[in-house]
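Summary of structural features
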Amino acid sequence: IDLDRYLPKSSSEPSAQSAGTPLPLDFLRDTDLKLNLSADRLRVFSTDLSHVSVPVTQSAGTFTAPFRAAFPEGGSLSGHTKAVLLPESRQVSVSLQSRATQVNMLGLTQSRGQKTLISGMGNADPSLHSMQRCWEDWKHSLDGFFAFVISGGTIISPSTTSTGETSTSRTAFQGLSM
């Protein structure tokens, strides 16, 4: 499944209509559901995943979706997302916690079609939170941290020489973190 085909194309400025589109708070409050979503291969946000499993539960204003997946190039992804309706404020508290481990960064950056490639072994631990009334509110209320470390790698950048020829620049590193 290539979800990128169904996601809106990003633009530099959100339209006034999309910025003010409210979240389906009544659906979150009034609908109970239990789904088990799985896919052998999934592409989302220009990233390929395999062996994807997402059991989804929604009840009494709380949505939870733990997830597990593998990167076809090597490495794994796990975590959970949660949305809790706060009826008194007509907002939703949304959180995402995940962990990507032993990711083959060269394979990942190549499959994403990035111009600058990074090799090495990567690990990431994001923990993010936002309060939302509308779909676009996360852009103004996002909080949390995103830590990543890549070890034993190389940054591989295309460059153009003074004669107009294309060459490749390589910068090795022991550790790269943020």
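Refer to the preceding data block for the structure.
Notes on the structure in this doc start here. (Residues numbered from 1 in each chain as written. Predicted model: local features only at pLDDT ≥ 70, side-chain atom pairs only at ≥ 80, totals over all residues. Heavy atoms only, no water.)

1. A few points about the side chain of Thr154
For clarity, the cut-off: By definition, any uninterrupted DSSP run of H or I lasting at least four residues is a helix, any uninterrupted run of E lasting at least two residues is a strand, and each is numbered from the N terminus. Note on contacts: a residue pair qualifies if any of its non-hydrogen atoms lie within 4.5 Å across the two residues.
Mapping Thr154 onto the fold places it in strand E8 (residues 143-160). Discounting chain neighbours no more than four positions away, the residues touching Thr154 are Leu117, Ile118, Ser119, Arg170, Thr171, Ala172 and Phe173.

2. Side note on a nonpolar patch on the surface
So the rule is basically this: A patch consists of residues exposed above 30% relative accessible area that lack any salt bridge, with like charges linked at up to 9 Å and nonpolar side chains (Val, Leu, Ile, Met, Phe, Trp, Tyr) linked at up to 5 Å. Where accessible areas are quoted, they stem from the Shrake-Rupley method and a 1.4 Å probe; at the residue level, only the protein chains shown are allowed to cover. Within this document, salt bridges are pairs made up of a side-chain nitrogen of Lys or Arg and a carboxyl oxygen of Asp or Glu, the two lying within 4 Å of each other.
Judged by side-chain polarity, Ile1, Leu3 and Tyr6 come together as a nonpolar surface patch covering roughly 350 Å² of accessible area. Looking at where Tyr6 falls in the secondary structure, it is placed in the segment before helix H1 (16-19).

3. Remarks on the nonpolar core
Here is the rule: Here, nonpolar core refers to any group of buried Ala, Val, Leu, Ile, Met, Phe, Trp, Tyr and Cys residues whose side-chain atoms link them within 4.5 Å. Here's how the labels work: a residue is buried when its accessible area is under 20% of the maximum for its type, exposed when over 50%, partly exposed in between, all with a 1.4 Å probe on protein chains only.
Formed by 20 residues in total, the largest nonpolar core has its most connected members in Leu49, Val52 and Phe71. Breaking this core down by element, the ones donating at least two residues are strand E1 (33-44), strand E2 (47-59), strand E3 (62-70), strand E5 (91-104) and helix H3 (105-111). Considering every element that reaches this core, the biggest residue donor is E2, with four residues. With sequence-adjacent residues up to four places away left out, Val52 is seen in contact with Leu37, Ser38, Ala39, Leu42, Arg68 and Ala69. Core analysis: the next-biggest nonpolar cluster, separate from the first, contains six residues, Leu25, Leu28, Ala83 and Val92 among them.

4. Some remarks on the pairing of strand E4 (residues 76-86)
Walk down a regular strand and you will see the side chains alternate between the two sheet faces. Formally: Pairing between two strands requires that DSSP report at least two bridges joining them.
As paired strands, E3 and E4 are joined by nine bridges and run antiparallel to one another. Bridge pairing in E4 places Pro66 opposite His80. Pairing between E4 and E5: 11 bridges, direction antiparallel. Note that in E5 the partner of Ser76 across the bridge is Thr101. In this structure, the hairpin formed by E4 and E5 is closed by a connection of four residues, where Arg90 is found at a positive phi of approximately 55 degrees.

On their own, these measurements won't tell you what the molecule is for.
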